[in-house]
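Each chain is listed here by its residues.
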Amino acid sequence: MTTNTAHDVTLITGGSTGIGAATARRLLARGGRVAVTGRRSAKLDRLAAELDAGDALLTLPGDASDDAAVAAAVAATVEQYGRLDTVVANAGFAGEGTVADGDPEVWRSMVLTNVLGPALLIRHALPALKETRGRIVLIGSVAGQVNTPGNVYGATKWAVTGLAENTRRLVTEDEVGVTLIAPGRVDTPFWDGPGPNHGGILLDADRIAESIVWVIGQPAGVDINTVTIRPKRQPH
């Protein structure tokens, strides 16, 4: 069973920048071993060079919404480190517009990345997590707790909110923990280009990573189910 020691193994999807990269950095700093996936090899290479963690960091190019890529990432992590203690479903993005005027092709990509991606990670990681009595961390959003007019991205994060609780009810007898981390507005590359207006009120990605690492480090019998984190100035 998991001991939540510094030598635990964590797999993070969409981890080359932002919250995922900050979480990898914190876990490596305390002696953990981390596998990170991302769609762009160049960004993964830059992360590996920056962190300079040697064999403690495994970078795995691949799309978080692709079934074969997710299965391969889980298998490669277990092969490299011999176990898997935590998965962090971090990959996600938002597009501009609403259900009235947005681009349906962007919606399709959002649903695949934001909803299918976490479900695939859970599916493929569960056998290894049951062996270690590990943890599943899903990065949701305050947008998945508060309704916003026509927000399709928010709808995908409402799905993640439901997926977290449905998964928790599935795996309680296996002693696998499930946590939904629901950030408010965070200063990450998520905000680059089109997307929701952040209004100039942002958290540091490292603050979210700190909470993720806190959840991962809980005693084996403790399950933190939902963590909502907003900047003090964010009203909704």
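Residues numbered from 1 in each chain as written. Predicted model: local features only at pLDDT ≥ 70, side-chain atom pairs only at ≥ 80, totals over all residues. Heavy atoms only, no water.

K.L.:
Explain the pairing of strand β6 (residues 177-183) to me, please; I cannot follow it from the model alone.
P.N.:
A regular strand carries its side chains on alternate faces of the sheet. Across the 7 residues that make up β6, a large majority, 7, are buried. Burial of β6 is two-sided: the residues Gly 177, Thr 179, Ile 181 and Pro 183 facing one way and the residues Val 178, Leu 180 and Ala 182 facing the other way are all buried. When strand β5 (residues 135-139) meets β6, the two strands line up parallel, connected through 5 bridges. Opposite Ile 139, over in β6, you have Ile 181 as the bridge partner. After leaving β5, the chain enters helix α5 (residues 152-171) and then returns to the sheet as β6, a path that is right-handed. Of the pairings in the sheet, the one linking β6 to strand β9 (residues 226-229) comprises 4 bridges and is parallel in character. Among the inter-strand pairings, Ile 181 is bridged to a residue of β9, identified as Val 227. (Buried < 20%, exposed > 50% of the residue type's maximum accessible area, 1.4 Å probe, protein only. Helix = DSSP H or I, 4+ residues; strand = E, 2+ residues; numbered from the N terminus. Pairing = 2+ DSSP bridges. Right-handed = clockwise from strand over helix to strand, strands pointing away.)

K.L.:
I'm lost on the pattern of salt bridges in this one. Help?
P.N.:
Pairs may arise between side chains of opposite charge once their charged atoms sit close together. For the structure shown, the criterion picks out 10 salt bridges. Between Arg 108 and Glu 105 there is a salt bridge whose closest N-O contact spans 3.6 Å. One end of the pair is Arg 108 and the other is Glu 105, both in helix α4 (residues 104-132) and 3 residues apart, which spans about a single turn. Residue classification places Arg 108 among the exposed residues on the basis of a relative accessible area of 52%. Linking Arg 207 and Glu 210 is a salt bridge whose minimum nitrogen-to-oxygen distance equals 3.2 Å. In this pair, Arg 207 and Glu 210 both sit in helix α6 (residues 205-216), 3 residues apart, roughly one turn of the helix. Within the structure, one salt-bridge network assembled from shared partners comprises Arg 26, Asp 206, Arg 207 and Glu 210. (Salt bridge = Lys/Arg side-chain N within 4 Å of Asp/Glu carboxyl O.)

K.L.:
Just to check I follow, could you spell out α6 for this structure?
P.N.:
Because each turn of an α-helix spans 3.6 residues, side chains separated by three or four positions end up pointing in the same direction. Here α6 contains 12 residues, and its C-alpha end-to-end distance of 17 Å stays within 8% of the 16 Å for a straight helix at 1.5 Å per residue. Buried within α6 are the following residues: Ala 205, Ile 208, Ala 209, Ser 211, Ile 212, Val 213, Val 215 and Ile 216. Capping the start of α6 is the job of one residue whose side-chain oxygen sits 2.7 Å from the backbone nitrogen of Asp 206: Asp 204. (Expected span 1.5 Å × (residues − 1). Polar contact = N/O pair within 3.5 Å; in protein donor to acceptor, adjacent residues only side chain to side chain.)

K.L.:
It is not clear to me how unusual backbone geometry should be interpreted in this structure. Could you clarify?
P.N.:
Backbone geometry places Asp 52, a non-glycine residue, at a positive phi of 50 degrees. Overall, the relative accessible area of 65% leaves Asp 52 in the exposed class.

K.L.:
Please clarify how the packing of helix α3 (residues 67-81) against α4 should be interpreted in this entry.
P.N.:
If you want to describe how two helices pack, look at the angle between their axes and the distance between the axes. Packing of α3 against α4 leaves a shortest axis separation of 9 Å and a crossing angle of 30 degrees. With respect to α4, the axis of α3 lies roughly parallel. Remark: the crossing between α3 and α4 carries right-handed chirality. Within the contact between the two elements, α3 uses Asp 67, Val 70, Ala 71, Val 74 and Val 78 and α4 uses Leu 120, Leu 121, His 124, Ala 125 and Ala 128. (Axes fitted to C-alpha atoms, helices over the stretch in contact; angles between N-to-C directions. Parallel < 35°, antiparallel > 145°, perpendicular 65-115°, else oblique. Left-handed = near helix turned anticlockwise from the far one by under 90°. Contact = heavy atoms within 4.5 Å.)

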